[in-house]
Amino acid sequence: MKNKKFVKRKDAVAGVIEALLLVALVSIIISTIQLVYIPQIMEQRESDHMDDAENQFSYLKSVIDLQSMVKEDVPISSPITLGSRELPYFVTARAFGQLDIIDIDRTDSKITTYPLMGFLYDSKTNIPLTSIKYKAHNSYFIDQTYVLEGGCVIVKQPDGETVKIEPAITVENKTKINIIYNMPLITGVPGKNSTSGYKNCFVRTNYSYNKPYIQDIDNSSDDHHVWIYTDYLDAWNASLNKLLEEEVKNGYVNVTITQDTWGTDVVEIEPWGKTIHLELTITYIGAQIGPGTVIT
């Protein structure tokens, strides 16, 4: 038998330790990217998507305004991106969104004038304030809601709300305070008024018809005013104060958040020094989410 001799060498041990250190280094780098940089990348990704949503709602408003002016029954589809996907090869989450058409049958928001015009919905002057609403459910960026209501684009988030694009209101300070308001009224299609997910969808809109209404609201009584019932009181109040800035400064009109007779918070437009001459044109816009024929 041959005797075997064992020789102690450290070459193999050094190689194993080197490999373990490399694995540890790679793990530290990947963990740092996952815990520090990936959330920042995803937050920026969702922030960019919110910018896209704002641009898409701006486009949707311009389409509806164009259809209201042209008064032709030509359906146009406007894209809305509901969310964003996760990053590959990393642990990330998708962002989802919910899109709803809040039409006459689904809204409690309205515009009420006193004295009553008596032209719409029984003997009351209750003009439905319809909307198209997108609510983002983000995983990294703050949740935001974009609403096209009464012709203005509103953005709402946990720390407040604001009007991004003003409604189609023209103010003329003459013998009377002329308020000329072209307001779209959305009429939806059952079964095609809501969707959710993260992919693209399309809002298909078309012009139906319009109705003009004219009314003088003077300052002869405390009961003469316009009340706006909405879920976005601060946004509407700030927007109307901006549009009627000179009239408010001169004491001709007062715009404020107050309560109606039943204790509900409303935005009130009240004549003080001059009569308000309201020229309201309601444009009925058919809308649906997804392909198909718009029923009017």
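Before reading on, note that the structure itself is shown above.
On a predicted model such as this, the values are computed, not experimentally measured, just so you know.

1. Looking at the pairing of strand β13 (residues 225–229)
Then step 1. Most of β13 is tucked away, with five of its five residues classed as buried.
Then step 2. One ladder, built from five bridges, connects strand β3 (residues 110–114) with β13; its direction is antiparallel. Across the sheet, residue threonine 112 finds its bridge partner in β13, namely tryptophan 227.
Then step 3. By the bridge criterion, three bridges tie β13 to strand β15 (residues 265–271) in an arrangement that is antiparallel. Across the sheet, the residue bridging to valine 226 is isoleucine 269, located in β15.

2. Points about the sheet that holds β13
By definition, the strands of a sheet pair up through backbone hydrogen bonds, in either a parallel or an antiparallel sense.
Then step 1. Taken together, the five strands give an open sheet; going across it, the order is β4-β3-β13-β15-β14, and neighbouring strands pair in antiparallel fashion. Either end of the sheet is taken by a strand with one partner, and the two such strands are β4 (126–128) and β14 (253–259). Going across the sheet, the axis of each strand differs from the next one's by a mean of 20°, ignoring polarity.

3. Focus on the sheet that holds strand β11 (residues 194–197)
Then step 1. Read across the sheet, six strands follow the order β8-β7-β6-β5-β2-β11 without closing on themselves; strand pairing throughout is antiparallel. A single partner strand is all that each edge strand has here, and the edge strands are β8 (160–165) and β11. If you compare each strand with its neighbour and ignore which way they point, the axes differ by 15° on average.
Then step 2. Direction of pairing for strand β6 (residues 145–149) relative to strand β7 (residues 152–157): antiparallel, over a ladder of five bridges. Following the sheet pairing, glutamate 149 is matched in β7 by cysteine 152.

4. So, the pattern of salt bridges
Then step 1. Counted according to the given criterion, the structure contains eight salt bridges.
Then step 2. Across the salt bridge formed by lysine 61 and aspartate 65, the nearest N and O atoms sit 3.0 Å from each other. Here lysine 61 pairs with aspartate 65, and both are found in helix α1 (residues 11–70), just four residues apart, close to one helical turn.
Then step 3. Among the residues examined, lysine 61 registers a relative accessible area of 7% and is labelled buried.
Then step 4. Note on aspartate 65: relative accessible area 24%, which makes it partly exposed.
Then step 5. Among the salt bridges present, the one from lysine 176 reaches aspartate 216, with a minimum N-O distance of 2.5 Å. A residue pair is termed long-range when its members are at least 10 positions apart, and lysine 176 in the loop between β9 (169–173) and β10 (177–187) and aspartate 216 in strand β12 (residues 200–217) qualify at 40 residues.
Then step 6. You can call lysine 176 partly exposed: its relative accessible area is 33%.
Then step 7. A relative accessible area of 34% means that aspartate 216 is categorised as partly exposed.

Conventions used here
- Residues numbered from 1 in each chain as written.
- Predicted model: local features only at pLDDT ≥ 70, side-chain atom pairs only at ≥ 80, totals over all residues.
- Heavy atoms only, no water.
- Buried < 20%, exposed > 50% of the residue type's maximum accessible area, 1.4 Å probe, protein only.
- Helix = DSSP H or I, 4+ residues; strand = E, 2+ residues; numbered from the N terminus.
- Pairing = 2+ DSSP bridges.
- Axes fitted to C-alpha atoms, helices over the stretch in contact; angles between N-to-C directions.
- Salt bridge = Lys/Arg side-chain N within 4 Å of Asp/Glu carboxyl O.

Function-wise, these values are silent; they only describe arrangement.
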